[in-house]
Amino acid sequence: MAVDPRSGFCKTNSTFYSKRKPIALPSTQVIDVTTFISSQSHHGNIALIDATSGHQITFSRLWMAVDSVATALSNLRIRKGDVILLLSPNSIYFPIICLSVMSLGAIITTTNPLNTTSEIAKQIADSKPKLAFTVPELLTKLADSNLPIVLIGNKSDCSGNSKVIATFESMMKTEPSQNRVKDRVTQDDTATLLYSSGTTGASKGVVSSHRNLMAMVKTIVGRFRLEEGSQSFICTVPMFHIYGLAAFATGLLASGSTVIVLSKFEMHEMLSAIEKYKATYLPLVPPILVALVNNAYQITKRYNLSSLQSALSGGAPLSKEVIEGFLQRFPTVTILQGYGLTESTGIGASTDSLEESRRYGTAGMLSPSMEAKIVNAETGEALGVNQTGELWLKGPTIMKGYFSNAEATANTLDSEGWLRTGDLCYIDDDGFIFVVDRLKELIKYKGYQVPPAELEALLLTHPEISDAAVIPFPDEEVGQFPMAYVVRKTGTDISESEVMNFVAKQVAPYKKIRRVAFVASVPKNPSGKILRKDLIRLATSKL
């Protein structure tokens, strides 16, 4: 099989192969991702630091805590295949909970703390967890569920709540038991169930295996070629998201790196933490990078960022202006980029050097052991170098499928394991991927995914709205935000603010409609599909 060494393309089967060194997974089938991570040899000392309090957890304490919490869960009759819900902002305890759950062969499902009670209730109804971990301030979001709750915090904060059966602190003090039930966990067993926004509006549970996560751990450790225990990462991205979970709750811990955790993103706290803890790596999303560029003069006067070596951006490709603007203002910091999906368990492609990132607009080269096809979305024909089509990915990190949703799985994964990403891309002569457009219609707000169809369905429940369409509106600070085109019912005069308030009361803050235009009708094709591109052109023509 002849593969072009420059592009990685094989004409025989129209497949692009990764040019990076392949990853090796454990030869034994019976292993869980927690055991895999804890067995990685490194000389790291501090695993996790709370950026606000300064509280630290060493690697030895981390693995003792994981063992204790796993024992406590086992004592509560949590077994292989049981789903555990984690509703919490970022914290140094987040990775401990994830690793403990997965070590039992149980399945961790995370949810966004900003989600509304009804959004969380839908996920609970779908995933059917046996138990939930949460913090006192989010207890009310689980008020309507019958889930037993483990409180991450002081039990006195919720006196009288009969659903709280234990505290995380008490679990951490549990004496590890060698006699606890140990189910046989294999690489193919399910480890995580993360929910990904669907273009249809229905959020889908992405099923990832222990093998998927182990492959991502190897990808992350190999990507940074980390010197053992000498690097520290600021955790700015949410751990409930695949970006945060793969990197901060699993991958980086295998390398002996230190993770400095911000409970929520705030620019001053992030910059102070870099200075205080001498952080070397800063993973972020493009809007934060743009803010750093725009405020560089004040930032460099106020904060000492000399320890910083690299900024790692994901979510959308960076423009030449942003990359060069950043490098000009922060000349000692390298920019690296990554591309991935929940369905690919994180990084599917990346730039691993400044030289690669300076191929402006690229999402990078394929991750190790990853294969790709560029497919004509209408004819199904596999295309070659420099031809635009839908990007398909295949490799050891690609999900098992969607939870209890055979139809959605069949529409996204083919019989050979190829994942249809929904991104229109081309791969150039040197094997670099360029994202041209999205077939899927998700709006990217600060790295969060907002499905337009979900907001449209909500708008149509308003008694004064007869039709609606939601589009992404470009914004320098947040990337994109949802804009609604609304058709009023005859004889009504609903206002822009009334539309926005109606939606804001029912969705997480990142899903809010931030701009409204009233139209006589919503443009649609003969089959009734909204012509979003026409509306996007209309909205942006006045910019």
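Chains are numbered independently. Their residues run from 1 in the order of the written sequence. Only residues with pLDDT of at least 70 get local features here, since the model is predicted, and only at 80 or more are side-chain atom pairs given and counted; chain-wide, interface and lining totals rely on the full set of residues. Computation of side-chain values covers all heavy atoms of the structure but excludes hydrogens and water.

A. Fine view of empty space enclosed by the protein. Residues are called lining when one of their atoms sits within 4 Å of a cavity or pocket point, these points coming from a 1 Å grid over the protein atoms alone, where a cavity is a set in which a 1.4 Å probe fits but cannot get out and a pocket is an open set with protein on both sides within 12 Å along at least five of seven lines. Grid points are joined across faces, edges and corners, and a volume is the space filled by probe spheres set on the points. Under the definition given, this model contains 2 cavities of 30 Å³ or more. Its boundaries defined by the atoms lining it, the largest cavity holds a volume of some 60 Å³. If you go around the largest cavity, the residues you meet are Ser 7, Phe 16, Tyr 17, Ser 18, Lys 19, Met 365, Leu 366, Ile 427 and Gly 431. Counting only elements with at least two residues in the lining of the largest cavity, the list comes to strand S2 (15–17) and strand S18 (362–366). Tallied by class, residues from the lining of the largest cavity come to 5 nonpolar, 3 polar and 1 charged. For the second largest cavity, the calculated volume is near 40 Å³. Lining the second largest cavity we find Leu 271, Leu 282, Leu 292, Leu 305, Leu 308, Phe 326, Phe 330 and Val 333. The class makeup of the residues in the lining of the second largest cavity is 8 nonpolar, no polar and no charged. Numbered from the N terminus, helices here are DSSP runs of H or I no shorter than four residues, and strands are runs of E no shorter than two. Here the term charged refers only to Asp, Glu, Lys and Arg, the term nonpolar to Ala, Val, Leu, Ile, Met, Phe, Trp, Tyr, Cys and Pro, and the term polar to all other amino acids, Gly among them.

B. Highlighting the packing of aromatic side chains. Geometry of aromatic contacts follows a simple scheme: Phe, Tyr and Trp rings, the Trp one being its six-membered ring, pair when their centres are within 6.5 Å, and the pair is stacked under 30 degrees between planes, edge-to-face over 60, tilted otherwise. Counting across every chain of the model gives 9 aromatic pairs. Both rings, one in Phe 326 and one in Phe 330, keep their centres 4.9 Å apart while their planes meet at 35°; by these two values the pair is tilted. Each member of the pair, Phe 326 together with Phe 330, is buried. Their ring planes at 5° and their centres at 5.0 Å tell us that Tyr 426 and Phe 434 sit as a pair that is stacked. Using a 1.4 Å probe on the protein chains alone, a residue whose accessible area is under 20% of its type maximum counts as buried, one over 50% counts as exposed, and one in between counts as partly exposed. Its relative accessible area of 24% is what places Tyr 426 among the partly exposed residues.

C. Broad picture of the pattern of salt bridges. Salt bridge, as used here, is a side-chain nitrogen of Lys or Arg placed within 4 Å of a carboxyl oxygen of Asp or Glu. All told, the structure shown has 14 salt bridges when counted by the stated rule. With a shortest N-O distance of 3.4 Å, Glu 356 and Arg 20 are connected by a salt bridge. With a gap of 336 residues between them, Glu 356 in helix H12 (residues 354–357) and Arg 20 in the loop between S2 and helix H1 (33–38) connect regions that are remote in the sequence. As far as the burial class goes, Glu 356 and Arg 20 line up, both buried. We note a salt bridge from Lys 130 to Asp 82, for which the minimum N-O separation is 3.0 Å. In this pair, Lys 130 is assigned in the loop between helix H4 (117–127) and strand S7 (131–134) and Asp 82 in the loop between helix H2 (59–75) and strand S5 (83–87), connecting sequence segments 48 residues apart. Lys 130 sits in the partly exposed class, given a relative accessible area of 46%.

D. Geometry of the environment of Val 436. For Val 436, the position within the fold is in strand S24 (residues 432–438). In the structure, Val 436 is positioned 312 residues away from Ile 124 in sequence and 36 Å away in space, judged by C-alpha atoms. In this analysis, two residues are considered to be in contact whenever any of their non-hydrogen atoms come within 4.5 Å of each other. When residues no more than four places from it in sequence are discounted, the contact partners of Val 436 are Thr 388, Leu 424, Cys 425 and Tyr 426.

E. Quick peek at helix H6 (residues 210–224). The span you would expect from a helix comes to 1.5 Å times its residue count less one. Taking 1.5 Å per residue, 15 residues should reach 21 Å; H6 reaches 22 Å between its end C-alpha atoms and fits that length. With 11 of its 15 residues buried, H6 lies for the most part within the structure. Of the residues making up H6, those classed as buried are His 210, Asn 212, Leu 213, Met 214, Ala 215, Met 216, Val 217, Thr 219, Ile 220, Arg 223 and Phe 224.

F. Representation of the side chain of Ser 88 in the model. Here Ser 88 shows up in the loop between S5 and helix H3 (94–103). Every residue in contact with Ser 88, bar those within four places of it in the chain, is listed here: Phe 94, Pro 113, Val 135, Leu 138 and Ile 152.

G. Molecular detail of the pairing of strand S29 (residues 515–518). Pairs of strands are assigned from DSSP output, requiring at least two bridges between the strands. For strand S28 (residues 479–488) and S29, the ladder comprises 4 bridges, and the chain directions are parallel. Bridge assignment links Met 483 to a residue of S29, and that residue is Arg 515.

H. Expanded view of the side chain of Thr 397. When you line up the elements, Thr 397 lands in the loop between strand S21 (389–394) and strand S22 (401–402). Looking at Thr 397, its side chain comes within polar contact range of the main-chain oxygen of Ser 344, at 3.1 Å. Not counting residues within four places of it along the chain, the set of residues in contact with Thr 397 comprises Asn 212, Ala 215, Met 216, Glu 343, Ser 344, Thr 345 and Met 370. As used in this structure description, the phrase polar contact means that two N or O atoms lie within 3.5 Å; if the pair is within protein, one of them must be able to donate a hydrogen and the other to accept it, and residues adjacent in sequence are counted only when both atoms belong to side chains.

I. Inspection of the pairing of S18 at higher detail. For S18, a buried count of 5 out of 5 residues is recorded, marking the element as mostly surrounded by other parts of the structure. Across 2 bridges, the pairing between strand S17 (residues 346–350) and S18 is antiparallel. Bridge pairing in S18 places Ala 349 opposite Leu 366.

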